[in-house]
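Each chain, letter by letter, is given below.
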Amino acid sequence: MKKLLFILLSACLITPATAQHKTKNLIVITLDGMRWQEIYRGADSALLNSKFTNDKAEVKKQYWAATPQERRAILFPFLWSVIAKQGQLYGNRDAGGKDELANPYHFSYPGYNEIFTGFPDKRMNTNDPITNPNMNVLEYINKQKGFEGKVIAFSSWERFPQILNVSRSGLPVYSGYADLKNADANARLKYLNELQHHTPRYLGDSTRSDFITYEYSKEYLKQYKPRVLFMAFDETDDMAHDGNYKSYLERAKQEDSFIKQLWETIQNDPFYKNNTTLLITCDHGRGEVPLDTWKGHGAEVVGSEQTWFAVMGPDTAPMGEVKPAETTYHKQLAQTMAELLGFDFKANAGHEVGDAIKTVTK
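Residues numbered from 1 in each chain as written. Predicted model: local features only at pLDDT ≥ 70, side-chain atom pairs only at ≥ 80, totals over all residues. Heavy atoms only, no water.

Another aspect to go through is the overall build of the protein. Check the secondary structure of the protein and you find 15 helices and 10 strands. Here the C-alpha radius of gyration of the protein, 20 Å, is about what a compact globule of 362 residues would show, namely 21 Å. Here the protein holds 362 residues, and the buried ones make up 59% of them. The long-range fraction of contacts in the protein, counting pairs at least 24 apart against all pairs at least 6 apart in sequence, stands at 70%. (Helix = DSSP H or I, 4+ residues; strand = E, 2+ residues; numbered from the N terminus. Rg over C-alpha atoms; globule rule 2.2 N^0.38 Å. Buried < 20%, exposed > 50% of the residue type's maximum accessible area, 1.4 Å probe, protein only. Contact = heavy atoms within 4.5 Å.)

This part takes up the packing of helix α6 (residues 77-86) against helix α14 (residues 245-267). Contact geometry for α6 and α14: axes closest at 8 Å, N-to-C directions at 40 degrees. In terms of axis orientation, α6 runs oblique to α14. Across the interface between the two elements, Pro77, Phe78 and Leu79 from α6 touch Asp256, Ile259, Lys260 and Trp263 from α14. Class assignment of the residues belonging to the contact of α6 with α14 gives a composition of 5 nonpolar, no polar and 2 charged. (Axes fitted to C-alpha atoms, helices over the stretch in contact; angles between N-to-C directions. Parallel < 35°, antiparallel > 145°, perpendicular 65-115°, else oblique. Nonpolar A, V, L, I, M, F, W, Y, C, P; charged D, E, K, R; others polar.)

With that out of the way, let us pick up the sheet that holds strand β6 (residues 228-233). Taken in spatial order, the 8 strands make up an open sheet running β5-β4-β6-β1-β7-β8-β2-β9, and their pairing is mixed. Edge positions in the sheet fall to β5 (173-175) and β9 (320-322), since each of these pairs with one other strand and no more. Recorded for the sheet is a direction-independent mean angle of 15 degrees between the axes of neighbouring strands. Against the sheet, helix α12 (residues 210-224) engages β1 (25-31), β4 (151-155) and β6, with an angle of about 170 degrees to β6. (Pairing = 2+ DSSP bridges.)

Given 3.6 residues to a turn, an α-helix orients residues that are three or four positions apart in the same direction. Helix α7 (residues 108-117) sits mainly inside the fold: 10 of its 10 residues count as buried. Along α7, the positions that sit buried rather than exposed are Ser108, Tyr109, Pro110, Gly111, Tyr112, Asn113, Glu114, Ile115, Phe116 and Thr117. Positive backbone phi, approximately 90 degrees, marks Gly118, located one or two places after α7.

Right, let's talk about the nonpolar core for a bit. In terms of nonpolar packing, the biggest core is built from 58 residues, with Ile29, Phe76, Ile83, Leu249 and Leu278 touching the most fellow members. Here this core takes 9 residues from α14, the largest share from any one element. Once residues lying within four places of it in the same chain are set aside, the contact partners of Ile29 are Met231, Phe233, Ile259, Leu262, Leu278, Leu279, Ile280 and Thr281. Formed by 41 residues, the second largest nonpolar core is a distinct cluster that contains Trp157, Ile163, Leu340 and Ala349. (Core = buried A, V, L, I, M, F, W, Y, C linked by side-chain atoms within 4.5 Å.)

Moving on: the environment of Phe154. Locating Phe154 in the fold gives a position in strand β4. Taking C-alpha positions, Phe154 is 16 Å from Arg188, a pair spaced 34 residues apart along the chain. Not counting residues up to four positions away in its chain, the partners in contact with Phe154 are Tyr174, Leu180, Arg208, Thr213, Tyr216, Ser217, Tyr220, Leu229, Phe230, Met231 and Ala232.

None of this, on its own, says anything about what the molecule does.
Given below as structure tokens:
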């Protein structure tokens, strides 16, 4: 009888901890410089009617509706029809939510450093190709049993080999126009190696189009079944810096479509179905007032510390828009990612790491 009671007690103690980590795989996607304003309000009337929008009548026909709820559903149909129902969204300041950067710089390298290392290192204050000395959560996960060689990153922006310190981490990071090196890559991946060098380089000589980054990510996932995939888009930030609001909206909607297609691929693959968490966020916000500050960001731009993120997966309760009692920070995302997979990055990083966001995991 005592033995039976011990077994039953042990089962009670173990089951909740085991059930907490249903996530076996993780997909992280970033939309560079995507404002929370469009995520939660849809197209901005002030910008639609400004010098920053060409073909105003056409753009209004495509993206305008009477309410923010209607407009955001037009711009991000997957985000609002699927993730908002099955997952969680953070950072709607109109509804009392606050998600922010902890770093004081409010541009890309410091933003990505904060997301993946879990703290706002003041040394990471440039977009120059300096090597990041801090361990990142992808590097840490790649060292865990069952994840070795199963973590990969594809990005449009060329700076991620330095941000993720490939020379130390050993992570495969395919950024800019880097070719996939796998000798056994399928025909589609080999074709992408060729195709990317013949596409128009409208983002410059180092940053490739988001379409190519997406296609690499999707095809790699289908062939190699990585446990953790990071996919970093860039075009929303580029279009905003150019002051082209029409293209900014177009790229945002296209990236929502890419995410939808990737999620459908995941849900149709037994390896990933019902055991994969999807986390989507940005590296920084943008200005709002005065109107022309929407083009930029940085320490001097008011509001560019304001961010957002969305998450959906088997360990995340379907709460929709979350309004936590306290502000969430992007320095908390690294430990959140680790905890979703059952790991403790904070205890092993060797540097400061923000606490996980507990509402993400049930």
